[in-house]
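# A look at the structure
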2 protein chains.
Amino acid sequence: MSTLPADVSGRLREACAVCSLKELCLPRGLNGPDLERLDDLVERQGPFHEGDHLFRVGDRFQALFAVRAGSYKSYTVDSEGREHVLGFHLPGELLGLDAIYPGRHLCNALALDTATVCALPYEQLSDLAGRINGLRSQIMRLMSKDIADNATLAGDFTAEERLAAFLTGLSERFRQRGYSPTEFQLAMSRRDIANYLRLATETVSRVFARFEKDRLITVDRRAVHLLDLPRLRTLCAAMNDRQS
Amino acid sequence: MSTLPADVSGRLREACAVCSLKELCLPRGLNGPDLERLDDLVERQGPFHEGDHLFRVGDRFQALFAVRAGSYKSYTVDSEGREHVLGFHLPGELLGLDAIYPGRHLCNALALDTATVCALPYEQLSDLAGRINGLRSQIMRLMSKDIADNATLAGDFTAEERLAAFLTGLSERFRQRGYSPTEFQLAMSRRDIANYLRLATETVSRVFARFEKDRLITVDRRAVHLLDLPRLRTLCAAMNDRQS
DNA sequence: GCGGCGACTTGATCCAAGTCACTGTCACGC
DNA sequence: GCGTGACAGTGACTTGGATCAAGTCGCCGC
């Protein structure tokens, strides 16, 4: 995932209209004047560095954030001090959707590498969504997707199913963003993966090792190569296949 | 949970304006003319009976549904034929939010008892949401809540934490609806509870028994009496308490 | 190039919850 | 009443993944 120059020169270069994430992000389906109006309220922020927080639990909710470059993890810390990783967020994905209801952030968002975001002040975004049908429906679509994705994750699946689903999910997201779906760098540590999948880090290590032994993948530290995507998909079929 | 008369006489009696769920459901915060416009697009449907499907996986998405009376469970069936219960839905809650993105229903919705719903044709609702700020923000709030709720459920919690959270969650939802927060009837079987919480039905039985022994609750079949709500809340604190 | 530290792997043991098998209980039809 | 079948509870056992305890590897600072 590439990083951006620190300065905000070249307004045009950064505009939604020419952003490579246009079709995944809020501008999807918008054209000319509508796109410009959206562009006007976007505040580009960053670059932030690994370990920087974009927001924290309890912060007043003022804006949604679209990841522009880099990646984020969202997480909470429970009353016993245990961390719970809620998700990883790639460019084009929205952060902060869960904060709309209570008006305060319910989770923390932390940069996993050098990252930039587009801040979308919520009041203004909501007004604009009132006026632009396409924007409103895209916001609803993205929220709907979040609801559906979270529901899938909740099942009682084995360590293998979970990791296979994690890898194929990442693969698909990289593909959509124009990166290789079979070779990529993980932005997150084993500990974060384990926490996200509700496994012990040791279990993640062991399943990675098993997958390598079975010639499904090769892994070298954070570099992953998916050798047999179809078979990986079969492994986690139960997590995604839904029928009547 | 009360049932409604079969006929749809008394349009006024059924109007959003006088609905007891107004403050939980879409009309929240709307007044006079706006409320009437929402009312105009609502199609009251039912009564449906235990075991009836409101929609099924793959059905074209045309409308959101607000539960009016009774209760629903939403579930999927995976490629191996295993059922996965995604949630239980009480009056005032919305069904079908996950279908907006793909335009098709991703889960099945089944009545657990005699139930009625308000159908909200999505195109019209979206148009209206464009024109009424309050409606738009309430839809966003309800979707946001769904995102946050699902995230909480996903953690790696013990059988006790899960069941305690389930019971206190139901308690709170009954309270909001004007029912007793300490004495209620479960609309769902042990099997459904177990499936929802990702436990075996035997485990649910055993934890119910343990809770009874510890004087936290009494259970007789589907009649539950919460004796020590504070202690139940402590049990599942980790599932809900979130801090920086 | 050495020391130290954090990230990861590997192996040995443990335990919460699942599975299996059986029993009890209620509801409904005949 | 008496079967039948769905649902619920209980005990014995099995097991996947957690936990505990050493390692190994790579990297950064000095």
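Once that is clear, we can look at the protein's contact with DNA strand C. What surrounds DNA strand C is a group of 16 residues, the closest being Ser 205 and Arg 206 of chain A together with Ala 159, Ala 200 and Thr 203 of chain B. Sugar and phosphate atoms form 62% of the subset of DNA strand C atoms that lie within 4 Å of the protein. In the environment of DNA strand C, a phosphate oxygen lies 3.3 Å from a nitrogen or oxygen atom belonging to the backbone of Arg 198 of chain B. Interatomic distance of 2.4 Å between a side-chain N/O atom of Thr 203 of chain B and a phosphate oxygen of DNA strand C. Those elements that provide at least two residues to the surface near DNA strand C are α7 (201-213) of chain A together with α7 (201-213) of chain B. Top contributing element to the surface near DNA strand C by residue count: α7 of chain A, with four residues. Across the surface near DNA strand C, the residue classes break down as four nonpolar, four polar and eight charged.

All right, on to the relation of the copies chain A and chain B then. Its rotation angle being 180°, the transformation that places chain A on chain B also includes 0.0 Å of axial translation and leaves an RMSD of 0.0 Å. Here the two chains are linked by the operation of a two-fold rotation axis. For chain A, the minimum C-alpha distance to the rotation axis belongs to Gly 130 of chain A and amounts to 1.9 Å. Interface overlap between copies: 100% of the residues of chain A at the interface are likewise at the interface in chain B, consistent with a symmetric, same-surface contact.

The next subject is the domain arrangement of chain A. Residues and elements named next belong to chain A. Partitioning chain A into structural domains gives domain 1 (6-133) and domain 2 (159-243). Spacing between the C-alpha centres of domain 1 and domain 2 amounts to 26 Å. With 17 residues of domain 1 at the interface, the matching set in domain 2 holds 14 residues. In total, domain 1 and domain 2 occlude about 1,300 Å² of area from one another, counting both sides; carbon and sulfur atoms represent 55% of this. The interface formed by domain 1 and domain 2 contains four salt bridges. Across the salt bridge formed by Glu 93 and Arg 173, the nearest N and O atoms sit 2.9 Å from each other. At the junction of domain 1 with domain 2, the criterion picks out ten residue pairs in polar contact (both at pLDDT 80 or more). By residue number, the principal contributor to the side of domain 1 that touches domain 2 is strand β5 (residues 83-89), which donates seven residues. Taken together, the residues that form the side of domain 1 that touches domain 2 break down as eight nonpolar, five polar and four charged.

So, how was this worked out
- Residues numbered from 1 in each chain as written.
- Chains lettered and ligands numbered in written order.
- Predicted model: local features only at pLDDT ≥ 70, side-chain atom pairs only at ≥ 80, totals over all residues.
- Heavy atoms only, no water.
- Near = heavy atom within 4 Å.
- Polar contact = N/O pair within 3.5 Å; in protein donor to acceptor, adjacent residues only side chain to side chain.
- Helix = DSSP H or I, 4+ residues; strand = E, 2+ residues; numbered from the N terminus.
- Nonpolar A, V, L, I, M, F, W, Y, C, P; charged D, E, K, R; others polar.
- Least-squares fit on C-alpha atoms with pLDDT ≥ 70 in both.
- Contact = heavy atoms within 4.5 Å.
- Domains from an automatic or database assignment.
- Buried area = accessible area lost by both parts, 1.4 Å probe.
- Salt bridge = Lys/Arg side-chain N within 4 Å of Asp/Glu carboxyl O.

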